[in-house]
Amino acid sequence: MASYTCITCRVAFASIEVQRGHYKSDWHRYNLKRKVADMSPITSDEFRQRVLSQQAQIAQSTQSVKSYCQVCNKNFNTENAYANHMQSKKHKAQEAKVTKELEKQKEKRQEKKLEENNEKNICDDYDKKKTKNQSKANVDKNKNAAAAAADNEDDMEVEEVSDEEWEDYEGDAIPVTDCLFCSKSSKTIDENSHHMIVHHSFFLPFIEYLVDLEGLFTYLGEKVGCGFVCLWCNKQGKTFHALDAVQRHMRDKGHCKLQFDGDAAFEFSDFYDYRSSYPDYNHDGEKKYDVDMKEVEDEEIPEDVLQSTADGYQLVLPSGAKIGHRELFRYYKQNVPPTREVAVRNNATINRLNTHYKALGWYGSGGKVGEARLADLRFMQKFKSKPHLTMGMKNNKLKQKHYRPQVVF
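Visitor: Could you clarify how one ought to interpret the overall build of the protein in this entry?
Guide: The helix and strand inventory of the protein stands at 12 helices and seven strands. Taken over 409 residues, the protein has a buried fraction of 17%. Counting every atom, the protein has about 34,500 Å² of accessible surface; 53% of that belongs to carbon and sulfur.

Visitor: Even after reading the chapter, I still don't get a nonpolar patch on the surface, so can you show me in this structure?
Guide: A grouping of F379, M380 and F383 is seen on the molecular surface, where their side chains present a nonpolar patch of about 370 Å² in accessible area. Mapped onto the secondary structure, F383 falls in helix α12 (residues 367–394).

Visitor: Even after reading the chapter, I still don't get unusual backbone geometry, so can you show me in this structure?
Guide: For R10, which is not a glycine, the phi torsion comes out positive at approximately 60°. Within the secondary structure layout, R10 lies in the loop between β1 (4–6) and β2 (11–13). Notably, D38 is not glycine yet its phi reads approximately 60°, a positive angle. You can see D38 is positioned in the loop between α2 (26–36) and α3 (44–61).

Visitor: I tried to follow the pattern of salt bridges on my own but got confused; where do I start?
Guide: Across all of its chains, the model carries seven salt bridges by this definition. Ionic contacts of the salt-bridge type, sharing partners, join the residues E115, D244 and R248 into one network.

Visitor: I tried to follow the side chain of K223 on my own but got confused; where do I start?
Guide: With respect to the helices and strands, K223 occurs in helix α8 (residues 213–225). Given the relative accessible area of 10%, K223 is considered buried. Side-chain polar atoms of K223 contact the side chain of E267, separated by 2.9 Å. Look past the residues within four positions of K223 in its chain and what remains in contact with it is F228, V229, L231, N234 and E267.

Visitor: Even after reading the chapter, I still don't get helix α9 (residues 243–253), so can you show me in this structure?
Guide: Looking only at α9, the buried set comprises A245, V246, Q247, H249 and M250. Among the residues trailing α9, G254 stands out with phi positive, at a value near 70°.

Visitor: Would you mind showing me how to read the packing of helix α7 (residues 189–200) against α8 here?
Guide: Contact pair α7 / α8: the axes reach a minimum separation of 11 Å and the direction vectors enclose 60°. Taken together, the axis directions place α7 and α8 in an arrangement best described as oblique. Helix-helix and strand crossings are classified by hand; for α7 and α8 the assignment is left-handed. Packed against α7, whose contacting residues are I189, S193 and M196, the element α8 presents L213, E214 and F217 at the interface.

Visitor: Would you mind showing me how to read the packing of aromatic side chains here?
Guide: Centre distance and the angle of the planes are the two values used to describe a pair of aromatic rings. A complete count under the given rule lists nine aromatic pairs for this structure. Here the aromatic rings of Y219 and F271 are separated by 5.9 Å at their centres, their planes lie at 40°, and the arrangement is tilted. Linking Y219 in helix α8 with F271 in the loop between α9 and β5 (307–308), this pair joins segments that are 52 residues apart in sequence. Three or more aromatic residues joined by ring pairs form one cluster here, namely F206, Y219, F260, F268, F271 and Y272. When the ring centre of W232 is taken as origin, the NZ or CZ atom of K257, which lies over that ring, is 4.4 Å away.

Visitor: Looking at this structure, how should I read the nonpolar core?
Guide: Side chains that are nonpolar tend, in soluble globular proteins, to be buried together. Core analysis: the biggest nonpolar cluster contains 32 residues, and F181, F202, L220, L231 and Y272 have the highest contact counts within it. Broken down by secondary-structure element, the contributors of at least two residues to this core are α7, α8 and α9. Top element by residues in this core is α8. It accounts for four residues. Leaving out residues up to four positions away in the same chain, L220 has contacts with L180, F202, L231, L258 and F268. Judged by nonpolar contacts, the second largest core, of six residues, contains C6, C9, F13 and I42.

Visitor: Would you mind showing me how to read the environment of L328 here?
Guide: Mapped onto the secondary structure, L328 falls in the loop between β7 (322–324) and α10 (329–332). Judged by relative accessible area, L328 falls into the partly exposed class, the value being 23%. For L328 and Y313, which are 15 residues apart along the polypeptide, the C-alpha to C-alpha distance reads 8.0 Å.

Visitor: Please clarify how the side chain of H249 should be interpreted in this entry.
Guide: As for its position among the elements, H249 is in helix α9. Leave out the neighbours within four places in its chain, and H249 touches C230, C233, F240 and H255.

Visitor: Which parts of the structure should I look at to understand the state of the cysteines?
Guide: Here is the idea: a disulfide is a covalent bond, and it sits between the sulfur atoms of two cysteines. By the definition in use, this model includes zero disulfides. Cysteine C6 remains unbridged, with the sulfur of C9 as its closest cysteine sulfur at 3.8 Å. Looking at the unpaired C256, the closest cysteine sulfur is the one in C179, lying at 7.7 Å. For C256, a relative accessible area of 7% puts it in the buried group.

Visitor: I would appreciate a short explanation of α8 in the present structure.
Guide: Because an α-helix packs 3.6 residues into every turn, residues spaced three or four apart end up facing the same way. Between its first and last C-alpha atoms α8 spans 18 Å; for 13 residues at 1.5 Å apiece the expected length is 18 Å, and the two agree. Taken together, the buried positions of α8 are G215, L216, F217, L220, G221, K223, V224 and G225. As for α8, its buried residues are in contact with α7 and α9.

Visitor: Looking at this model, I keep getting lost on the confidence of the model for the protein. Mind explaining?
Guide: As a general rule, the predicted coordinates of low-pLDDT regions are not to be interpreted in detail. Mean pLDDT over the protein works out to 77, with 72% of the residues at or above the 70 mark. The secondary-structure element of the protein with the lowest mean pLDDT is helix α6 (residues 151–169), recorded at 45, while α2 shows the highest, at 93. Confidence drops under a pLDDT of 50 for residues 149–169, and excluding neighbours within four residues, the segment shows 10 contacts in the predicted structure. Segment residues 286–296 is flagged for pLDDT under 50; beyond a separation of four residues in sequence, or across chains, it makes 11 contacts in the model.

Quick notes on the rules
Residues numbered from 1 in each chain as written. Predicted model: local features only at pLDDT ≥ 70, side-chain atom pairs only at ≥ 80, totals over all residues. Heavy atoms only, no water. Helix = DSSP H or I, 4+ residues; strand = E, 2+ residues; numbered from the N terminus. Buried < 20%, exposed > 50% of the residue type's maximum accessible area, 1.4 Å probe, protein only. Areas by Shrake-Rupley, 256 points an atom, 1.4 Å probe, with all protein chains shown as cover. Patch = residues over 30% accessible without salt bridge, like charges linked within 9 Å, V, L, I, M, F, W, Y side chains within 5 Å. Salt bridge = Lys/Arg side-chain N within 4 Å of Asp/Glu carboxyl O. Polar contact = N/O pair within 3.5 Å; in protein donor to acceptor, adjacent residues only side chain to side chain. Contact = heavy atoms within 4.5 Å. Axes fitted to C-alpha atoms, helices over the stretch in contact; angles between N-to-C directions. Parallel < 35°, antiparallel > 145°, perpendicular 65-115°, else oblique. Left-handed = near helix turned anticlockwise from the far one by under 90°. Phe/Tyr/Trp six-rings, centres within 6.5 Å; stacked < 30°, edge-to-face > 60°. Lys NZ or Arg CZ within 6 Å of the ring centre and 35° of its normal. Core = buried A, V, L, I, M, F, W, Y, C linked by side-chain atoms within 4.5 Å. Disulfide = S-S within 2.5 Å. Expected span 1.5 Å × (residues − 1). pLDDT = per-residue confidence, 0-100.

And the structure:
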């Protein structure tokens, strides 16, 4: 009977060397793990079959199967790597981003297609009306050959036809109670202006000089609604052919404001009154009178009397006064100190005053009085410096009772 056994694997051995080799085998380790898990051991043949099946699965999973992810633009050699990548957060975030971009591009293409269709319809209508008017004009010209002989009359007819065509091409003016930048409609002008200030940050420059708010809103409504013009670009940027397009442009680009720089301010001069900023303006609204209580009539100054400088930033009045441009207001507001002239010393006057003072008994800082004052000042300075010197000597960190001898290196 064999005296060497393995209780875990339930086998017997003929020698101790075979037993020791068994303890080092994978079969024995596998049965030990099963014993810890409260499972029965397996035989050697069953263990060998499990090992072969596991190796076959590993070989099948490691086969080179190339997979490609179009979203992340990556290649994978195994199916496991590709499956793990598809379940990763990075791939899902990239997929959501690409989907969002594709939706935006699709919306842009649809909007562009819609605008092209609108432009095409407008151009077709314009061509139809143009051909119709031309045919009508040719018929009238044939019937009234004698009346159409003059070139001026022909030019007027052509201009009238073009005006009607452009009126049909232009849109409708925006009412004063409707927003200039969206489709919001209010009951009053005040509510409309409040809406544009709060939601679009629209403000009117120099509002303290504005006298015709309704007229200004009417003009801006015709400019945006009929001409499809951006209030800030002012015909210098992109051309629009629909009200929705120009409103969306002003909202997206932040152009919900008036162009009021330079010569652009003259466009709105009919709605402003800057007379209250003039120095000679009568705030009471009464008529001006001269010294003799006679009514002063406002006289018109001829233009040839007024002169402007070469740079165009100053206007010289007949009285010699100069008026500066409002663009240089920041420089006129500066408080520049006046220039000072160096006075020449008058020795004769100074000597005469000194003689007069000495006659009254004043000798200045010289003489016995001056010397006594100087002595007092020196004594006070010496009295103050003595405790300061004492305190400095006590607190001197370099004060030592012994010194290290100098060493020459």
